[in-house]
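Close look at the chain arrangement
Spelled out, the chains give:
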Amino acid sequence: MSEQQKLEKSKKRTKICMIIITVLFIFIMLVVPLVSVMASALKEGLGFYLKAVSTEYVVSALKVTLIATIFAVVINTFFGICAAWLLTRFSFKGKQILATLIDIPFSISPVIVGLAYLMTFGRLGWFYPVIRAFNEFFGTNIRITFAIPGVVLATIFVTFPFVSREIIPVLNAQGKDEEEAAALMGASGLTIFRKITLPHMKWGLIYGIILCTARALGEFGAVNALSKTRGETFTLPLEIDALYMSGTESSITSAFAVSSILVIIALMILFARNIIEHRFKTDH
């Protein structure tokens, strides 16, 4: 056997071993737990499942989750586009510091984020006198902590890097030549963005929105510190935790049933992401 044949045989064995290890790891760590969740959700039958996912608490939690997710996606999409455009198209002092600050949610525990908002907007927080003065002047009852605004703010914080971090590499790879040429020909900034910048970054933008949505739907730590009222400010992850911690057999089964909602949404997001990746590779 020649050295080339020995090398090819060794590469083939290595490839097979890597495939086996990867498939086993994915199967054990991902597929089995997800199948277990779906099987446990349907353990008591379809009737119990439908009843479990349609209770008042679950419906309320789903509404709060969707509200927080929609606000987070819309605000972070706007912020992500602005931040990416700023960091890739302009030079200024503190640019690297700004880029680093955007990544803070990646390195800080969500629980700490929730506590930080609690100490900022809660009754002992430095911003609470402003909220109280505003409520007294206008006769309102605006609250941040232990209310929907706090849930929304926490969700926005933990998800805001996702869109910008998907767009920035795309804009860097694109360069500024086309935009500068359009500017020299008299095109306005808005026209340049709409006609040149946006079409180039659209797949990165969509991909970032998908990641932001997935992260917002599953947020637990930061929201847990700011949401204490079941049926009013609980999100789906918090409702699942409450059901599971109840300890009864029916509540645990209900927890798995509610978990299946997030599993189904996650699979839909994963499917959408794969389509976006395929379209992106096709376009390039």
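Residues numbered from 1 in each chain as written. Predicted model: local features only at pLDDT ≥ 70, side-chain atom pairs only at ≥ 80, totals over all residues. Heavy atoms only, no water.

**What about the pattern of salt bridges?**
Note that side chains of opposite charge can pair when their charged atoms are close. Following the criterion strictly, the structure yields 4 salt bridges and no others. Close ionic contact of Arg-215 with Glu-219 constitutes a salt bridge, the shortest N to O distance being 2.5 Å. Accessibility expressed as a relative area gives 2% for Glu-219, which makes it buried. (Salt bridge = Lys/Arg side-chain N within 4 Å of Asp/Glu carboxyl O. Buried < 20%, exposed > 50% of the residue type's maximum accessible area, 1.4 Å probe, protein only.)

**Things to note about the packing of helix H6 (residues 110-121) against helix H8 (residues 148-159)**
Here H6 crosses H8 at 135°, and the two axes come no closer than 10 Å. Taken together, H6 and H8 sit at an angle that is classed as oblique. H6 and H8 meet at a crossing whose hand is right-handed. Packed against H6, whose contacting residues are Pro-110, Val-113, Tyr-117 and Phe-121, the element H8 presents Leu-153, Ala-154, Phe-157 and Val-158 at the interface. The residue inventory of the contact of H6 with H8, partitioned by class, reads 8 nonpolar, no polar and no charged. (Axes fitted to C-alpha atoms, helices over the stretch in contact; angles between N-to-C directions. Helix = DSSP H or I, 4+ residues; strand = E, 2+ residues; numbered from the N terminus. Parallel < 35°, antiparallel > 145°, perpendicular 65-115°, else oblique. Left-handed = near helix turned anticlockwise from the far one by under 90°. Contact = heavy atoms within 4.5 Å. Nonpolar A, V, L, I, M, F, W, Y, C, P; charged D, E, K, R; others polar.)

**Some thoughts on the side chain of Thr-69**
Looking at the secondary structure, you find Thr-69 in helix H3 (residues 56-89). Residues within four places of Thr-69 in sequence aside, it is in contact with Thr-213, Ala-216 and Leu-217.

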